[in-house]
Amino acid sequence: MAAGALLLLPALLPMVGADMKDTDDGGAQMEVYDSAAAVQQGAPTSGGGSGDRWMRHPMCREWITVEFTGQMFTGSWNEDIPDCVTQVPPPPDLCPAGEVALEPWWRSRDLGGGVYGPWRQIGGFQCGSDILLAQVEQAWASMPIAPNTYEVQPEGGYAVAELGVNLIVDTNPRTMDVTLLGTPVIIRAVATQYTWTNTDGTVWTSTSPGRPYDQGGEPFTFPRVPEHRTTFTLTTTWRGEFSTNGGATWREAPGTATTTSNSTTVHVYNPHAHRVDCDLNGNCINGTQGGGNQKTVYDPDGDGILNYLIPDNKIDDYLAARDEGRYWTDPERKNTD
């Protein structure tokens, strides 16, 4: 347990121990919790009933008999648990330095009809910081994490195969404020790994979110295959952290989480050099003005349609029509604004 756990004690210990209440005769009694409250405060309630009573109480040295095994008293008390003449101390170094171990839990089962069974010891000494950590783990496991957004360069929805695309993921941590056992806690999700897949069948994983071209970004390139449309999907792995002092220091929250970002499509061109008679303005070598549309990188078939603007659900039909020499008449185009 990290020494940082000491920061939890002022707010945590009054919440997780059984409180002392004054009685009319000037004495004191231990406060009894119901099962729901006990679960939240670290009671080992496996096998217990929802109406059971719980309290924390010291172990007494005078109770130790041959029945006492493994730091747990195996007897029971039908009435109130007696006060100790001499308490059994917790094991040395059980909790972080400066943290006082919490007394064991005792349970009285709900037998129905307002009748309860004898008090029996359940579990042993506990550390308050361990109880809060269990609550943090539950909060972290249920934390809603907004998936990453990412930038695609070039941003028009197209790429030249050998130049590729540059993918840059946002790096902002996600945070959630909660109150656990009376303690304000910040839960933070930090991205640790990025896994990209695309419909070309490629998968690659990186711990880097990527960088823009002007900062040394390295694009993902494509093999020299025919012009086609591909879809990228990003899955991000997150680790959890939590802070009990407003973010001044952070401790690890157990477990990881994953999110899947919105997919994006890119039209991949594979241009090649070839001799032409006319330039892009229609000026031809023989001095005449060429008619019709000129072939360009984005309109390699010269039909006047920028191929990357064909909608995703129609691109296969468009490419098939072009390969079969049919003219494409559908007016729908992608909006790249």
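Numbers given for residues are sequential positions, taken from 1 along each chain in its written order. Only residues with pLDDT of at least 70 are given local features in this predicted model, and only at 80 or more are side-chain atom pairs given and counted; all residues enter the totals for whole chains, interfaces and linings. Derived side-chain values reflect all non-hydrogen atoms in the structure, with water molecules and hydrogen atoms excluded from consideration.

(A) Structural context of the overall build of the protein. Numbered from the N terminus, helices here are DSSP runs of H or I no shorter than four residues, and strands are runs of E no shorter than two. Helix and strand counts for the protein stand at four helices and 16 strands. Three labels apply to residues, based on accessible area from a 1.4 Å probe with only protein chains included: buried if under 20% of the type maximum, exposed if over 50%, partly exposed otherwise in between. Counting the 337 residues in the protein, one finds 39% classified as buried. Of all intrachain contacts in the protein linking residues separated by at least 6 positions in sequence, the fraction that spans at least 24 positions is 65%. Any two residues whose heavy atoms approach within 4.5 Å at even a single point are treated as in contact.

(B) Seen up close, unusual backbone geometry. The omega torsion across Gln153 and Pro154 is -5 degrees, close enough to zero to call that bond cis. Along the polypeptide, Pro154 turns up in the loop between β8 (150-153) and β9 (158-160). Residues other than glycine seldom take positive phi values, yet Asp93 does so here, at roughly 60 degrees. Checked against the element boundaries, Asp93 lands in the loop between β5 (76-77) and β6 (105-112). Among the residues examined, Asp93 registers a relative accessible area of 77% and is labelled exposed.

(C) The arrangement of helix α3 (residues 128-141) in detail. End to end, α3 covers 20 Å across 14 residues, agreeing with the expected 20 Å (1.5 Å per residue, within 8%). Buried within α3 are the following residues: Gly128, Ser129, Ile131, Leu132, Gln135, Val136, Ala139 and Trp140. Given a helix with a known number of residues, its expected span is that number minus one, times 1.5 Å.

(D) Representation of the pairing of strand β4 (residues 53-56). Across two bridges, the pairing between strand β3 (residues 33-34) and β4 is antiparallel. Directly across from Asp34, in β4, lies its bridge partner Arg53. Note: two strands are recorded as paired if DSSP finds a minimum of 2 bridges between them.

(E) Looking closely at the side chain of Arg174. Relative to the assigned elements, Arg174 resides in strand β11 (residues 174-180). Excluding its chain neighbours within four sequence positions, the residues that come into contact with Arg174 are Met143, Ile145, Ala146, Pro147, Asn148, Thr149, Ile187, Arg188, Ala189 and Trp238.

(F) Seen up close, the pattern of salt bridges. The salt bridge definition used is simple: a Lys or Arg side-chain nitrogen within 4 Å of an Asp or Glu carboxyl oxygen. Counted according to the given criterion, the structure contains twelve salt bridges. One salt bridge connects Asp170 with Arg174, and the closest N-O pair in it is separated by 3.0 Å. Lys314 is paired through a salt bridge with Glu332; the nearest N and O atoms lie 2.6 Å apart. Here the residue Lys314 occupies a position in the loop between β16 (264-269) and α4 (315-323), and Glu332 occupies one in the segment after α4, the gap between them amounting to 18 residues. Taking relative accessible area as the criterion, Lys314 reaches 18% and is therefore assigned buried.

(G) Molecular detail of the packing of aromatic side chains. Stacked, edge-to-face and tilted labels apply to pairs of Phe, Tyr and Trp rings (six-membered ring for Trp) whose centres lie within 6.5 Å, assigned for plane angles under 30 degrees, over 60, and everything in between, in that order. Taken as a whole, this structure holds 16 aromatic pairs when the rule is applied. Here Tyr158 and Tyr308 contribute two aromatic rings whose centre-to-centre distance is 4.7 Å and whose plane-to-plane angle is 55 degrees, an arrangement assigned as tilted. With Tyr158 in strand β9 and Tyr308 in the loop between β16 and α4, this residue pair connects regions lying 150 residues apart in the sequence. Just as Tyr158 is buried, Tyr308 falls in that class too. An aromatic cluster is built from Tyr150, Trp196, Trp204, Phe220, Phe222 and Phe232, whose rings are joined through pairwise contacts. Whether a charge sits over a ring comes down to the Lys NZ or Arg CZ being within 6 Å of the ring centre and within 35 degrees of the ring normal. Directly above the aromatic system of Tyr116 lies the positively charged group of Arg53, at a separation of 4.2 Å from the ring centroid. Over the face of the ring belonging to Trp250 we find Arg188, whose NZ or CZ atom lies 3.7 Å from the ring centre.

(H) Summary view of the confidence of the model for the protein. Taken as a whole, the protein shows an average pLDDT of 83; of its residues, 82% reach a score of 70 or greater. Here residues 1-29 scores under 50 on pLDDT; set against residues more than four positions off or in separate chains, the count is 68 contacts. Confidence of the predictor at the level of single residues is given by pLDDT, which spans 0 to 100.

(I) View of the nonpolar core. Among the buried residues, those of types Ala, Val, Leu, Ile, Met, Phe, Trp, Tyr and Cys that are joined through side-chain atoms within 4.5 Å form a nonpolar core. Within the largest apolar cluster, 18 residues are counted, with the highest numbers of intra-cluster contacts made by Val136, Trp140, Met143, Ile145 and Ile187. If one sorts the elements of this core by residue count, α3 sits on top with five residues. Listed in part, the 15 residues of the second largest apolar core include Val165, Trp196, Leu234 and Val268.

(J) Here's a closer look at the state of the cysteines. Throughout, disulfides are identified as pairs of cysteine sulfur atoms within 2.5 Å of each other. Evaluated as defined, the whole model comprises two disulfides. The disulfide partner of Cys60 is Cys84, and the S-S distance across this bridge is 1.7 Å. Disulfide Cys60 to Cys84: torsion about the S-S bond roughly -80 degrees, handedness left-handed. Of the two residues, Cys60 sits in the loop between β4 and β5 while Cys84 sits in the loop between β5 and β6, which places them 24 residues apart along the sequence. For Cys60, a relative accessible area of 2% corresponds to the buried category. For Cys84, a relative accessible area of 22% translates into the label partly exposed. Bridging Cys95 to Cys127, the disulfide has an S-S length of 1.9 Å. Its torsion about the S-S bond being -100 degrees, the disulfide of Cys95 and Cys127 is classed as left-handed. Placement of Cys95 in the loop between β5 and β6 and of Cys127 in the loop between β7 (115-122) and α3 is noted, with a sequence separation of 32 residues between them. Judged by its relative accessible area of 14%, Cys95 falls in the buried class. Relative accessible area serves as the criterion here: at 3%, Cys127 is assigned to the buried category.

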